[in-house]
Amino acid sequence: MVATVIQAVYQFPTVLTIGSAFGGIPQGLPAFSVPNFDFDKILTLIGPAFTIAMLGAIESLLSAVVADGMSGTKHESNTELFGQGLANIFAPLFGGIASTGAIARTATNIRQGGNSPIAGIVHAITLGAILLFLAPYAVYIPLASMAAILFIVSYNMSDAPRFIRMLILAPRPDQIILLLTFFLTIFTDLVVAVNVGVVLAVLQFMRKMVNTIDVHEASCDELSEQIKHEITLHPDIMVYTVEGPLFFGAISAFDRALSSIHKDPKYLIIRFVKVPFVDLTGLRILRGIIEELQKRDIEVLLSDVSYDIRREMYKSDFLDVLGRHHMYRLFDSALHKAEHDLALKDGKEV
């Protein structure tokens with residue numbers, strides 16, 4: 001305020017202000033206008049519009065996460081995105097551009113005690129009042145004074161002690177992602193940094209998910225402990241237990257485990273005890289694995305398959321390869337099926 005008054009009185013020509021740098025602030029509210037709709041323009045702009053929408057959603061949710069950490073609250077992601085979507089639908093009717101949740105203004109509000117939606121409303125009313133009544137005087141605000149304010153806000157928002165603690169305690173891949181995002185924010189742009197950081201975090205998450213999958217041959221003792229009664233396997237029955245998601249990145253571990261079977265059994269029961277989901281690529285590769293096993297005269301049975309996975313299998317042509325009566329909810333049912341068929345075959349051989 002003091003710097004603005006001094007500049008307004010003396011008007012130093014070497015001091016950059018909002019007016020000298022950006023041409024001032026228009027006075028008054030923008031007028032309502034309906035844009036011209038052109039199908040060719042819609043086709044041209046739909047790609048960039050989608051990109052802006054995704055970037056805006058990421059930045060707004062990032063702002064909400066930062067606000068949660070500063071205020072100790074928990075945001076509603078759907079509410080945030082719904083409100084942002086409404087704002088971006090009506091803003092162009094008044095000459096506005098796409099808007100997102102801003103980390104700098106959000107952090108400033110919280111630092112000053114504005115932890116409720118009323119803070120955003122007061123902010124909007126204040127900006128409207130500036131446009132209507134104070135726009136001629138805002139041109140004298142020195143950029144240096146605004147830089148100092150932004151510097152303090154940025155430092156408070158950075159939460160340096162927590163950043164250093166995370167950098168020390170985090171695993172090495174997470175440290176690299178954190179530092180890369182940090183330096184990209186400084187030397188390029190926040191949007192670029194957020195996108196690169198999110199992509200790298202997703203790839204790191206996928207790598208961890210790949211490492212969590214476990215496919216191993218289940219022993220009688222393991223089965224007896226899990227099923228809660230004594231299990232004795234026929235020599236021609238082999239049981240494999242799968243733990244972890246079967247998606248395109250992790251299905252190779254499943255393939256390697258089943259390919260390592262040296263003695264071919266007549267029946268192979270695959271237990272999906274701790275498989276939360278199987279994606280379309282996983283189903284396709286799993287189908288190929290089962291086809292290879294069937295070529296080796298190994299009859300494959302699935303057990304402990306969750307409802308969601310069974311639904312996906314029914315929707316695809318997976319059961320055409322596996323067989324309609326080769327998938328069971330319980331392991332005991334699959335084991336009974338294999339033992340019953342072996343008994344019938346042994347009886348015929350006798």
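Located above this text is the structure these notes cover.
Please read these numbers as outputs of a predicted model, since none were measured by experiment. (Residues numbered from 1 in each chain as written. Predicted model: local features only at pLDDT ≥ 70, side-chain atom pairs only at ≥ 80, totals over all residues. Heavy atoms only, no water.)

Draft legend 1. Representation of the environment of Pro142. Mapped onto the secondary structure, Pro142 falls in the loop between helix 6 (117-138) and helix 7 (143-158). A relative accessible area of 7% means that Pro142 is categorised as buried. A sequence separation of 70 residues divides Pro142 from Thr212, and the C-alpha atoms of the two residues are 56 Å apart. Leave out the neighbours within four places in its chain, and Pro142 touches Ala3, Thr4, Gln7, Val15, Leu16 and Thr17. (Helix = DSSP H or I, 4+ residues; strand = E, 2+ residues; numbered from the N terminus. Buried < 20%, exposed > 50% of the residue type's maximum accessible area, 1.4 Å probe, protein only. Contact = heavy atoms within 4.5 Å.)

Draft legend 2. Geometry of the sheet that holds strand 3 (residues 267-274). On the basis of which strands lie adjacent, the open sheet formed by four strands has the order 1-2-3-4 and mixed pairing. Each of the sheet's edge strands pairs with one partner strand only, and the pair in question is strand 1 (214-217) and strand 4 (299-303). This sheet shows a mean twist of 20° between the axes of neighbouring strands, independent of strand direction. Pairing analysis gives four bridges linking strand 1 to strand 2 (residues 237-243), with the strands arranged antiparallel. Among the inter-strand pairings, Glu217 is bridged to a residue of strand 2, identified as Tyr240. In the packing of helix 11 (residues 220-227) onto the sheet, contacts are made with strand 1, strand 2 and strand 3, and the angle to strand 3 comes to roughly 45°. (Pairing = 2+ DSSP bridges. Axes fitted to C-alpha atoms, helices over the stretch in contact; angles between N-to-C directions.)

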